[in-house]
Amino acid sequence: MERRLAAGAQIVAPIESTYWWAGEIQRSSEWLLLMTTTTARFEDLARCVRELHSYEVPQIIASALVAGTTDYLEWIRRETAPRSGG
């Protein structure tokens, strides 16, 4: 959040995940992190998640925001705008 790569985040946990990894079915408890950002900031956010995440291939996906109220969309844009000096 301090890097302003996302305007907000929600943590959903714990969740039980089942997935293929290294040729085997894996099961684990995980935490789902949903972050709100702009298309322009997505790659920077993804890079940050990769830097901080313990997984070799963390799930980083984008879902299209097809509509929103003007004030909410402006809040996202404003809060993810790069700040001078950082």
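Residues numbered from 1 in each chain as written. Predicted model: local features only at pLDDT ≥ 70, side-chain atom pairs only at ≥ 80, totals over all residues. Heavy atoms only, no water.

(A) Structural context of the pairing of strand β2 (residues 24-36). One ladder, built from twelve bridges, connects strand β1 (residues 8-21) with β2; its direction is antiparallel. Its bridge partner being in β2, Ala9 is matched across the sheet by Met35. Hairpin remark: β1 followed by β2, antiparallel, with two residues in the connecting loop; positive phi at Ala22, about 55°. (Pairing = 2+ DSSP bridges. Helix = DSSP H or I, 4+ residues; strand = E, 2+ residues; numbered from the N terminus.)

(B) Representation of the pattern of salt bridges in the model. All told, the structure shown has seven salt bridges when counted by the stated rule. Between Asp44 and Arg47 there is a salt bridge, and its shortest N-O distance comes to 2.6 Å. Remark: Arg47 and Asp44 occur in helix α1 (residues 42-52); sequence separation between them is three residues, near one turn of the helix. Two residues, Arg78 and Glu79, come together in a salt bridge whose shortest N-O distance is 3.4 Å. According to the relative accessible area criterion, Glu79 is buried, its value standing at 19%. Put simply, Arg4, Arg78, Glu79 and Arg83 are held in one network by salt bridges that share partners. (Salt bridge = Lys/Arg side-chain N within 4 Å of Asp/Glu carboxyl O. Buried < 20%, exposed > 50% of the residue type's maximum accessible area, 1.4 Å probe, protein only.)

(C) Up close: the side chain of Ser28. Considering the arrangement of structural elements, one finds Ser28 in strand β2. Within the structure, Ser28 has its side chain in polar contact with the side chain of Tyr19 (distance 3.3 Å). When residues no more than four places from it in sequence are discounted, the contact partners of Ser28 are Ile15, Glu16, Ser17, Tyr19 and Tyr55. (Polar contact = N/O pair within 3.5 Å; in protein donor to acceptor, adjacent residues only side chain to side chain. Contact = heavy atoms within 4.5 Å.)

(D) Representation of the packing of aromatic side chains in the model. Taken as a whole, this structure holds one aromatic pair when the rule is applied. Judged by centre distance (5.5 Å) and plane angle (35°), the ring pair of Tyr72 and Trp75 falls under tilted. Here the residue Tyr72 and the residue Trp75 both occupy positions in helix α2 (residues 70-80), the gap between them amounting to three residues, near one helical turn. Taking the relative accessible area as the measure of exposure, Tyr72 reaches 36% and is therefore partly exposed. Judged by its relative accessible area of 28%, Trp75 is partly exposed. (Phe/Tyr/Trp six-rings, centres within 6.5 Å; stacked < 30°, edge-to-face > 60°.)

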